[in-house]
Every structure is written in structure tokens, then in C-alpha cells.
There are 2 protein chains.
Amino acid sequence: MIDYQSHFESAIEALHAEKRYRVFADLERIVGRFPTALWRNEGEAREITVWCSNDYLGMGQHPGVLDAMTRTATSMGSGAGGTRNISGTNHPLVELERELADLHGKEAALVFTSGFVSNEASISTIAKLLPDCLIFSDELNHASMIEGVRKSGCRKHVFRHNDLQHLEELLKAADPERPKLVVFESVYSMDGDIAPIAEICDLAERYNAMTYIDEVHAVGMYGHRGGGISERDGVAHRLDVIEGTLAKAFGVLGGYITGSRALIDAVRSYAPGFIFTTALPPALAAAAVASIRHLKGSQAERDGQQRQAAQAKAEFAAADLPVMPSDTHIVPVLVGDADLCKQASDRLLKVHDIYIQPINYPTVPRGTERLRITPTPLHSDALIATLRDALVETWTALGIPFASDRPEGEERREDVTSLVVAQAGG
Amino acid sequence: MIDYQSHFESAIEALHAEKRYRVFADLERIVGRFPTALWRNEGEAREITVWCSNDYLGMGQHPGVLDAMTRTATSMGSGAGGTRNISGTNHPLVELERELADLHGKEAALVFTSGFVSNEASISTIAKLLPDCLIFSDELNHASMIEGVRKSGCRKHVFRHNDLQHLEELLKAADPERPKLVVFESVYSMDGDIAPIAEICDLAERYNAMTYIDEVHAVGMYGHRGGGISERDGVAHRLDVIEGTLAKAFGVLGGYITGSRALIDAVRSYAPGFIFTTALPPALAAAAVASIRHLKGSQAERDGQQRQAAQAKAEFAAADLPVMPSDTHIVPVLVGDADLCKQASDRLLKVHDIYIQPINYPTVPRGTERLRITPTPLHSDALIATLRDALVETWTALGIPFASDRPEGEERREDVTSLVVAQAGG
């Protein structure tokens, strides 16, 4: 007799043994008081400060967004009622796709129920529609992009992270007649570093490759209208596909791609993960439209985020905390050990009422375990000072090395070529 | 030079040539007046009646559901703000998973952002965790289940639709020591027929296989508390995994699985499509909880749906329309030709203000193209009579054969073994 249950139990035990078993914190966010949330644990409910949210600009509590959401739910209902093809296409969703195409200066857009699905379905479908396509993929690409590449069944070349020379070598070596797709991100969310987009576009043009960029950690936050790093750098028009999310800076749910009319129409028509899925509810689409429109016109949230991120980096560095270098709003603080990283997170929550998830392997390479802190415009200087003190107390109590205890430059980005499957975001 | 654009354009042209190009109707549903919606087309907006919604019970406009959704959005915000692991687990979602486990009498539940992802991620993860697993899959399984099977990388045997003898032959022929997973649906949504669940469980027990059932077209609608066909037939406890959706009868968005604590924990811990996806917003989770709780206690919606479905079948049959046999609330009417099916749908919309999507290959086998009608408790007898007359006018105007024009039994289920990839729901 096969004991099925034992297989699932031993899979779980393996995670415990590696200190990688994840416990989800039961949170209840409080509109008007972000980043405060109610944390429920063992019958107790306690107010804590969230320091690792992907609601990067606090738009998830913006009055205009909530008003659009509740008004639309009240007038059009809670769900879409069908797939896009079978009665599920709703008017706010049609408007949302227009808004997104405009945001990135593209002809068309297509909305999915998640960023994961948008990458998986779009990359696989685009590559499959190109005969014998070769994919060039950054080694630190997100799990959803890796799944898309895998699902395409196409041959892939992985290039070293943001390494233009390596990418060029690989492009140069490939058959010039063969279709090529370069797949990469603008902001890599675990390190907070940025891709050299213009230079990647140069290479793509030189070797006649298509480009697909994931801007999920940048849309809403960079560029004059929130069009992402590609808008900030003035290169959006050079990219074939810009993918983004509605679930982070825009504060709602869902993912999307933008591109030429024909490309979008082809993905719309051929991707099973799009075709056979219930459409986004009209209330969420309307909330997303309100959020995107607000951020197209308002710079205050972006300025506030950058200011508070810089403030946090400066405060932590001054307190000798090992802040890892980051070009963006993401502030990683190095721990360097899975068990200590989990202990630090637990102590911050239990002793200091501060919630920051530990980031361990396989999300980041072993030895670079870290706390990933995301200051928003709503994290005041006082909250930053409180966090700094809590981190110092925790580092001291647990014996985690401070910056001056570490070999010079250890908090710099590590060599990641040993990382088999680079995965970020979970 | 490779002309990338031309590849996408020719992919679209191929669909036009086969009359399979899909145009999404831009709809705006109206709370309090379902199944009426506003249809926008070429600058015009017109009221139409939706007859193909998967909001099967009209719960998408239920006051209690809308109240839960708007109250929660107002107090907790528009989005979840993170993945389940990184700050995205919200209290209504924790409650929703408890509610779903209770609905199916299982130890635990796990919520995904769509039913498609729940099948794809769960089937592939469960099968991968079992060493050298063999999968037995009904030939009419939904696209999302086929993707899950494919993604698992496991060897699969496809058994003829609902064919117990064929399933037994395949189980018997397999190595008794090898883990086995039988994957099937309760209600097949294009024909509306039902699987012999108890008999499949008998076989699974005899040959020591696990069972995974998709109840997306049954939850909320069958069983005393809306637990689906498995509840109605008293066999829920014999199934290892019951998968369902929040986006059809429950009127919201998302999918889920229920099962043993260890199995759910393993999928939670190992499925990339779950781990790396932003959590369902608290407002949607709260709306789903309200809907499930209502349908656990109220039989009125289920009775109304069955009554109106029976009424529609009787009226159509009396009018000599080729109603295909169906054991459920789904009422398929046979056209038998892709072009005529599209024309019928267009004529119903343009002449009669009635919206029913054409269902063509590959969703159903060629030669069985149909209109798939889903009466809800909100489709009154008067609306059914109006639809009957509109169908008769359309059948006459387009020269589509009536039941008496067809060879005896043609509207019965066709041989589907020729269908390479059975896909339903899009």
C-alpha cells in the first residue's frame, strides 16, 4: 500500500529541517493608519507596523481608489461573471486596458488576474508563436518569467545578471535568421538594482531580437507619469513588451502586458492562462484605473517614497547596520544566515511590534539572507528612527554582525552564479 | 531581417480564416437588474439580456455580498499589498480558507487568484511530490487541468469521458506500487453532464489511487450547503482533493483546493504559482465568505436555478429547438457549424438584444458547435419565453436545422475521441 500522506508530510519536514518552513502572518490592515496593521496570533490581536509591504506608495488606502472600488461594486456587482470571452468583459476593464496602453505609450494592453500569470502566459505564448525562437533570460529573472520560458518549450540562454558583455556574446553566437527574445526586469526586487535598459535595447537592435521587460517593481514609482524605469530613461518606445502589475504600487490586484496591437491580440487569442480565466471584477478594474490616473498626475507619492527610502538607508548606515547597496526604494539589510534571519524577523515582531518577513534561499542565494525593507511615503522619519533602534537592538541581542564587524564590502552584491533557480518576490 | 510583427499578424489571420476569431463584448452589468447589462459597441450603448453568465445564481449582485465587499474595502483597503508570505495574508482570507475547508468537510483549504491557477499549480505540485506518479485524466478535462498534468512532467493516461471500464483497465494495467492520481470534474460545463463520482472512488480505492475532483461548475449549486455534486452524492469524504472556484456561483473571483492538512501545506509551500502571487484582496475574500455562508443556509437560489433550467429545456424542446441532453443547469443548444454559430450569436445580439457567446472548436469538438445557455434564478419565465421566440426566429432566418430536421439523436453527445485537446470554459 502506498502511504500518500507520508509523502506530503516528509516534504513539509524537509522545509522545517532547512529552517525554510514559512508561517504566514495573519494581518488586518487599517485604512487611514497605514502602515499599521492588526496582527492576529494565538488568540491575541496586536497593532504592528508593516515594513515589507509591496503596496509601495500606500495607494491601497487612497480615498479615490477606494471610492472607485466601492462605487463600482455597488453599481456593477462583486464579480465579472465569466471569462473575457464568455460574458466577463466589463466596461471598467476595457477602460483599464486603454489606460495601461497610454501609460506605456503602446498600441494595446491586456490584463491578467496576476503578474505571475501575465509573465507565464505571455512569454510562453509569444515565444511559441515565433518559429524556433531562442530566449535570452537574465539569471535573476523572477520565478514567473522562468515558468514562462520553460512553458514555451524554446531553447534558452541564461545571461549573467545585467551583464551586457555576456548577453552580446550569446546573441552574437546565435543564428542571425533565428527569432530571438530577450527577457529581463527593470528593477530586481531583492537587491533593488536596475537593468541597463538602453544598452540592452542597443544589443537587441543590433542582433535583431525582441525585448520583453518586467516592470512590476517600478510601475507607478518611476517616470514622470509612473510608467516605470523605461519611462524615466526615455526608452519605453524601444521595448516590444512592457509587463507590469496592478498589485504593488497601484495597490489593487492583477498583472498586464502592453505592446503592439497584433502582439497583444495574439496573446489574447492563444494564451490558455488568459482565455480560460474569469475576468478581473469591474470594481478592481475601476480601482486600478483611479490609481493609475492619480499617479500619472501626482509626483508627491514618488517623491515621498524616494525621500523616505534615502532617509532609511542613511539612518541604518549611520547606525552601522549592514545595508546592502540598492539603486531604488528597496532597502535590503544583510543577515547572512537563514536561522538568524528568521530569528531577527520573529524578534522584531514579538519584541518591537515590527513586521518584516525574512528573505531566505531560494528567494536569494544562501549566505545573503536578509531583511528586505520597503519604506513608503507613509513611513515617517519617526517610524524610521524606531525601526533603526529596533534593528540595532535585534542585531545586538542575536549577535548578527554589524557592517564594521564584516569583511570590507561583504554587504555588496554576492556572486550569484551558484544560484540554480533565481526566484524573487514570494 | 526577421519580421516579428508578421508572425503575430498571421496567427490572428489564421483565426479569422477559421471563423474562430473572438470579439469580446464590452458589458456593464447593472446591480438590481441582473441579467440585464449595458452593451457598448461602436459608440452606442444598449441594454441587453445576458444568457451565458457563469454568475450562475446571481450572487454577484447579492446585497450581503456587496455589503461585505464595500465595508471591507473601506476599512482594509483595495489590495492585499503582498504575496501570502510577504505581508499579503489578510484576516478575511484566513477566514475564507476556514469556511471552504468546512464547506467540503476537509481539514484545510488554500485560495488562489483563479481556478485556472488552482488546478495548474495544485495538480502539478501534488503529482511532483509523489515519486514517479502516474496520472489518470478524463479526456474532457478542462484546459487548466491539462496544463497541470503537463507541468507535472508525470506520465499520464487519458481515459474516455466518464468511462469507468476504460479507467479500470488503465488502473489495473499499472504497477500497483506506483503512486496514482485520478483527475476529473464533477460537472462538465460544455455538455452539462456529471461524473460517476462514487464509482470512480470505488476504483481509486480498489487500485489505491488518489482522487482530485474539479467542482467549479457545481459548488454553491449542488448539495444541501452548496458543497457541490460530491456533497449531493455523499462522497466528499472519499475524495482526496476537492477543487472549486469563487468566481462562478459564489459571484466573486479566485479558485481553491481543499484536502488534508499535510497536502494543503505541501502545495502552499511548494507551488510557485501560489508562492509568488499577490494574495486575494481582503474585500474579495470577505465577499466570498458572505456568499458561501449565505448559500450554505439558503436553498432558494439552487431551487430557482433548477426550476428555470428545467423550464428553459422544456420550452426549447417544445419549440423543436435541438436542446442537447444535460443533467444540470447548463442548457446547450446545438448549431453544428462554426460560422452559423457565430452568426446566430450575432443575430441574437443585434436583432433581439440577447447575449449568448458562440461555443466553437477547440472548446467543443467540430460539428458540435453550440449556444451554451445558463439560466439563473433571475431569468424569469417571461425572459425564457422571449429567448425561445428569439431562438426560433434566428434558427429560421439562418436556416439552422431544428430538432425534427436532424437525424434522430444528433443532438445527443457526439463521439469526442477525435478531440485532441479538450478545452472548456473560455
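Definitions and cut-offs
- Residues numbered from 1 in each chain as written.
- Chains lettered and ligands numbered in written order.
- Predicted model: local features only at pLDDT ≥ 70, side-chain atom pairs only at ≥ 80, totals over all residues.
- Heavy atoms only, no water.
- Helix = DSSP H or I, 4+ residues; strand = E, 2+ residues; numbered from the N terminus.
- Rg over C-alpha atoms; globule rule 2.2 N^0.38 Å.
- Buried < 20%, exposed > 50% of the residue type's maximum accessible area, 1.4 Å probe, protein only.
- Contact = heavy atoms within 4.5 Å.
- Pairing = 2+ DSSP bridges.
- Axes fitted to C-alpha atoms, helices over the stretch in contact; angles between N-to-C directions.
- Salt bridge = Lys/Arg side-chain N within 4 Å of Asp/Glu carboxyl O.
- Least-squares fit on C-alpha atoms with pLDDT ≥ 70 in both.
- Buried area = accessible area lost by both parts, 1.4 Å probe.
- Phe/Tyr/Trp six-rings, centres within 6.5 Å; stacked < 30°, edge-to-face > 60°.
- Lys NZ or Arg CZ within 6 Å of the ring centre and 35° of its normal.
- Parallel < 35°, antiparallel > 145°, perpendicular 65-115°, else oblique.
- Left-handed = near helix turned anticlockwise from the far one by under 90°.

**Observations regarding the overall build of chain A**
And then number 1: Across its full length, chain A holds 15 helices and 16 strands.
And then number 2: Taking 22 Å as the expected radius of gyration for a compact globule of 426 residues, we find that chain A reaches 22 Å, a close match to that expectation.
And then number 3: Projected onto its principal axes, the C-alpha coordinates of chain A cover approximately 60 × 60 × 55 Å.
And then number 4: Going through the 426 residues of chain A one by one, you find that 66% of them count as buried.
And then number 5: Across chain A, every contact between residues at least 6 apart in sequence was considered, and the portion connecting residues at least 24 apart equals 72%.

**A look at the sheet that holds strand S16 (residues 370-373) of chain B**
Residues and elements named next belong to chain B.
And then number 1: Spatially, S13-S16-S15 is the arrangement adopted by the three strands of the open sheet, whose pairing is antiparallel. Looking along the sheet, the strands with just one partner apiece sit at the ends: strand S13 (331-334) and strand S15 (358-359).
And then number 2: Bridge count between S15 and S16: two bridges; the pairing is antiparallel. Directly across from Pro358, in S16, lies its bridge partner Leu371.
And then number 3: Against the sheet, helix H14 (residues 338-352) touches S15 and S16, its axis set at about 45° to S16.
And then number 4: Here helix H15 (residues 381-398) sits on the sheet and contacts S13 and S16; the angle it forms with S16, its principal contact strand, is near 175°.

**Re the sheet that holds strand S12 (residues 255-259) of chain B**
Residue and element names in this part refer to chain B.
And then number 1: Pairing in this open sheet of seven strands is mixed, and the strands run S4-S12-S11-S10-S7-S5-S6 from one edge to the other. Bordering the open sheet on either side are strand S4 (108-112) and strand S6 (155-159), each of which pairs with just one other strand. Mean inter-strand twist for the sheet, computed between neighbouring axes without regard to direction, equals 20°.
And then number 2: In this structure, strand S10 (residues 210-214) lies alongside strand S11 (residues 241-245), joined through three bridges in parallel fashion. Considered in S11, the bridge of Ile213 is made with Ile242.

**Looking at the environment of Pro131 of chain A**
And then number 1: Considering the arrangement of structural elements, one finds Pro131 of chain A in the loop between helix H5 (115-129) and strand S5 (134-138).
And then number 2: For Pro131 of chain A, the residues in contact, after removing those within four places along its chain, are Pro179 of chain A together with His7 of chain B.

**Here's the deal with the pattern of salt bridges**
And then number 1: This structure, assessed with the given rule, holds 60 salt bridges over all chains.
And then number 2: Taking the shortest distance from any N to any O, the salt bridge between Glu168 of chain A and Arg206 of chain A comes out at 3.2 Å. On the criterion of sequence distance, the pair formed by Glu168 of chain A in helix H7 (residues 164-173) and Arg206 of chain A in helix H8 (residues 197-206) is long-range, its members being 38 residues apart.
And then number 3: In this structure Glu168 of chain A comes out as partly exposed when scored by relative accessible area, which is 21%.
And then number 4: Measuring nitrogen to oxygen at the nearest pair gives 2.5 Å for the salt bridge that ties Glu315 of chain B to Arg388 of chain B. One end of the pair, Glu315 of chain B, is in helix H13 (residues 300-318); the other, Arg388 of chain B, is in helix H15, and 73 residues separate them in sequence.
And then number 5: Taking relative accessible area as the criterion, Glu315 of chain B reaches 19% and is therefore assigned buried.

**Details of the relation of the copies chain A and chain B**
Two copies of the chain are present, and they differ by a rotation about an axis and a shift along that axis.
And then number 1: In screw terms, the move from chain A to chain B is a rotation of 180° and a rise of 0.0 Å along the axis, fitting with an RMSD of 0.0 Å. On the angle and the small slide along the axis, the relation comes out as a two-fold axis. When C-alpha positions in chain A are compared against the rotation axis, the closest is assigned to Thr70 of chain A, at 2.5 Å.
And then number 2: Interface overlap between copies: 100% of the residues of chain A at the interface are likewise at the interface in chain B, consistent with a symmetric, same-surface contact.

**Thoughts on the interface of chain A and chain B**
And then number 1: Contact with chain A, which involves 107 residues of that partner, is made by 107 residues of chain B.
And then number 2: Summed over both partners, the interface of chain A with chain B comes to about 8800 Å²; 61% of that surface belongs to carbon and sulfur atoms.
And then number 3: The interface formed by chain A and chain B contains four salt bridges.
And then number 4: In this structure, Lys151 of chain B engages Glu147 of chain A in a salt bridge whose closest nitrogen and oxygen atoms are separated by 3.5 Å.

**Here's the deal with the packing of aromatic side chains**
And then number 1: Under the defined criterion, the tally for this structure stands at four aromatic pairs over all chains.
And then number 2: Taking the centre distance of 5.6 Å and the plane angle of 70° together, the rings of Phe112 of chain A and Phe274 of chain A count as edge-to-face. One end of the pair, Phe112 of chain A, is in strand S4 (residues 108-112); the other, Phe274 of chain A, is in helix H11 (residues 272-275), with 162 residues separating them in the sequence.
And then number 3: An aromatic cluster is defined as three or more aromatic residues linked by ring pairs; in this entry it consists of Phe24 of chain A together with Phe112 and Phe274 of chain B.
And then number 4: Looking at Arg268 of chain B, its charged tip hangs above the ring of Phe24 of chain A, at a distance of 4.5 Å from the centre.

**Section: the packing of helix H4 (residues 91-104) of chain A against helix H12 (residues 282-297) of chain A**
All names here are of chain A.
And then number 1: With their axes 8 Å apart at the nearest point, H4 and H12 run at an angle of 30° to one another. In terms of orientation, H4 and H12 fall into the roughly parallel class. For the element pair H4 and H12, the recorded crossing hand is left-handed. The residues of H12 that touch H4, namely those facing Pro92, Leu93, Glu95, Leu96, Glu99, Leu100, Asp102 and Leu103, are Pro282, Ala285, Ala286, Ala288, Val289, Ile292, Arg293 and Lys296.

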